[in-house]
Each structure stands twice: as C-alpha cells, then as structure tokens.
Amino acid sequence: MLFFYIRHGHPIYSPDSLTPLGERQAEAVAKRLALYGIDKVYSSTSNRAKLTAKPTCELLCKEPELLDFANEGHAWKQLGCWADEEKTKWTWLIDVPKMRRFLCDPEVVKLGHNWYDHPKFAEYDYKKGIDRVRTESDKLFASLGYEHIPGTGMYKATNPNNDRVALFAHAGFGLTFLSCILDIPYPQFAIHFDICHSGMTVINFGDNGEGYSIPRIMTYSNDSHLYREGIMTGYNNGIRF
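Residues numbered from 1 in each chain as written. Predicted model: local features only at pLDDT ≥ 70, side-chain atom pairs only at ≥ 80, totals over all residues. Heavy atoms only, no water.

S.K.: Sorry, what's going on with the overall build of the protein chain here?
M.R.: Along its length, the protein chain carries nine helices and 13 strands. Here the C-alpha radius of gyration of the protein chain, 18 Å, is about what a compact globule of 241 residues would show, namely 18 Å. Projected onto its principal axes, the C-alpha positions of the protein chain cover 50 × 45 × 30 Å. Residues counted as buried form 51% of the 241 residues belonging to the protein chain. In the protein chain, the share of contacts with a sequence separation of at least 24, taken over all contacts with a separation of at least 6, comes to 63%. A total accessible area of about 11,600 Å² is found for the protein chain, and carbon and sulfur atoms account for 52% of it. The distance from the centre of the 27 positive side-chain charges to the centre of the 29 negative ones in the protein chain is 2 Å. (Helix = DSSP H or I, 4+ residues; strand = E, 2+ residues; numbered from the N terminus. Rg over C-alpha atoms; globule rule 2.2 N^0.38 Å. Buried < 20%, exposed > 50% of the residue type's maximum accessible area, 1.4 Å probe, protein only. Contact = heavy atoms within 4.5 Å. Areas by Shrake-Rupley, 256 points an atom, 1.4 Å probe, with all protein chains shown as cover. Lys, Arg positive; Asp, Glu negative; His and termini not counted. Charge placed at Lys NZ, Arg CZ, Asp CG, Glu CD.)

S.K.: Is there a simple way to think about the sheet that holds strand S13 (residues 216-222) in this case?
M.R.: With mixed pairing, six strands are arranged side by side in an open sheet as S5-S4-S10-S1-S11-S13. In the strand order of this sheet, the two ends are held by strand S5 (65-67) and S13, each with one partner. Between one strand axis and the next, the sheet turns by 20° as a mean value, whatever way the strands run. For strand S4 (residues 40-44) and strand S10 (residues 164-169), the ladder comprises four bridges, and the chain directions are parallel. Its bridge partner being in S10, serine 43 is matched across the sheet by phenylalanine 168. Those strands touched by helix H7 (residues 171-182) are strand S1 (2-7), S10, strand S11 (200-204) and S13, and its axis lies near 155° from that of S1. (Pairing = 2+ DSSP bridges. Axes fitted to C-alpha atoms, helices over the stretch in contact; angles between N-to-C directions.)

S.K.: How should I be thinking about a nonpolar patch on the surface in this particular structure?
M.R.: Judged by side-chain polarity, Tyr235, Ile239 and Phe241 come together as a nonpolar surface patch covering roughly 360 Å² of accessible area. Inspection of the secondary structure assignment puts phenylalanine 241 in the segment after helix H9 (224-228). Look at phenylalanine 241 and you get exposed, because its relative accessible area is 68%. (Patch = residues over 30% accessible without salt bridge, like charges linked within 9 Å, V, L, I, M, F, W, Y side chains within 5 Å. Salt bridge = Lys/Arg side-chain N within 4 Å of Asp/Glu carboxyl O.)

S.K.: What exactly am I supposed to notice about helix H1 (residues 20-34) here?
M.R.: The periodicity of an α-helix, 3.6 residues per turn, causes residues three or four positions apart to be oriented the same way. An ideal rise of 1.5 Å per residue puts 21 Å on 15 residues; H1 measures up with 21 Å between its terminal C-alpha atoms. Gly22, Gln25, Ala26, Ala28, Val29, Ala30 and Leu33 are the residues of H1 that are buried. Elements that come into contact with the buried residues of H1 comprise S1, strand S3 (17-18), helix H2 (47-60), S10, S11 and H9. (Expected span 1.5 Å × (residues − 1).)

S.K.: What's the story with the packing of aromatic side chains in this structure? I'm lost.
M.R.: To describe a pair of aromatic rings, you give the distance between the ring centres and the angle between the ring planes. Evaluated as defined, the whole model comprises 24 aromatic pairs. Ring plane angle 35° and centroid distance 6.5 Å describe the contact between tyrosine 5 and phenylalanine 173, whose orientation is recorded as tilted. Of this pair, tyrosine 5 sits in strand S1 while phenylalanine 173 sits in helix H7, placing them 168 residues apart in sequence. Taken together, the ring pairs connect Phe3, Tyr5, Phe69, Phe141, Tyr146, Tyr155, Phe173, Phe177 and Phe205 into an aromatic cluster. For lysine 120, the ring lying beneath its charged end belongs to phenylalanine 102, and the centroid distance is 5.5 Å. (Phe/Tyr/Trp six-rings, centres within 6.5 Å; stacked < 30°, edge-to-face > 60°. Lys NZ or Arg CZ within 6 Å of the ring centre and 35° of its normal.)

S.K.: Before we go on, may I ask you to explain the sheet that holds strand S9 (residues 154-157) in this structure?
M.R.: Where strands meet in a sheet, backbone hydrogen bonds hold them as pairs that are either parallel or antiparallel. Pairing in this open sheet of three strands is antiparallel, and the strands run S8-S9-S12 from one edge to the other. The sheet is open, and its two borders are formed by strand S8 (146-149) and strand S12 (212-213), each paired with just one other strand.

Below, the structure is given as structure tokens:
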C-alpha cells in the first residue's frame, strides 16, 4: 500500500477556505495524483482540507471519507501552549522558541515517547492529545489492512494490498500523525520537519515477505506538482527555493 499525506493548499483560516493560490495548488495535486490513480480518499472535516481534496475527487470520480480526528482544531487545542506569561496568545508548542529549545533538552529527549511527563509540561495534557491521534491512526491503518505493533515502527500486514490511499489534512495535525504512525517521538519529529502548502508525503507500506510492514517515507512534503504547473514553490509562500 502507498499512503499519500497531503496538506491543504494556501489557506484562509477565517473563514475556513482556500485562497485563489490554494485552489491552483489543489488542482496541481489532483493532476499529479490522477497520473497513477488513487483508490481511497480521506479528508479532514475542515473546509480547507475538503476543498483541497475536491479536484482530486472530481478527476478520479471518488467520494472522500471524512475523518474528524484529522481536523486540526483538535490538535491545536491539545498540542499548543501559551506563548506569553500573560497567557493571552495560544499557539503551537513547537512554534514557541523557548519551548522548541527545551524540546531539544537531553532531559526531554531521554524521556522518548513519554516526553510529556517532564514537569515543564505539567500544566498541559499533551499525553491526551498524542494518545488521541495514535489511537485513531491505528484504527485507520487497521481498516486498511495494517495492524500497528506499538513502539516498534512495524505493522502486521493483516490484508496486504497495493492500494493507493490519500489523506488530505493539515501541517500541525500531520506532524503528530506522522510521528505516531512511524513511532518517532513527537518532539524529535515535529521540531525538525514541517509541511508546506499542498506538500505531498508518500509512505510505502510494502510487505517484507514475512507478513510485516515497516513503513518507509519515499518523499516528504514534496511540491513538484507546483513546479510542473509553473506555480511558485517553497516554504508556505515565505522562503522560495
């Protein structure tokens, strides 16, 4: 199985939608996916994710299945923190400079998957947020034929297949989701990786011949579909390369 994780296009966060650029990005993704086809399409319940999935669904005559657990609003509440001492600005934990530095602290790194048990995070319930995504992700992949063996980065191939499955969702949620399905502690994954608008990550859940799958990322946050269509590439319309 090939699993495609696609972030939504350039967004309007309020109201939840896409900009004209985001719509062009979604169309470019659709053309790319249509080259080889997609068997199943999933989308977050947010409007910007559904709008990004729409051109793909139209080209391939697919109906998306909505996954509310992938809605970024949940992750935003559960994996954020106060950015100031006055507690007036809420943002992602990984986007606060002092917190990013602390997530690299040897004390936190040593805790591995239990990083949230450090006293520094006592006022937040990060465990609840991580457990929610991990539990729902495991249910999703079990339904696709791959049963997660927690803590190993491996899956039992209960129904190995050659399906191509796409999930259209978000960056903040995606960092949590990908860290969970790959069994990489969230801080070690999220502080070193990010996902650009319409970025496509492809994971191969191929069977190794012994009834098990060790998923491997073949490309991460790839935006070559934008380059092909002559749309500016780079990091979230900020850094161009």
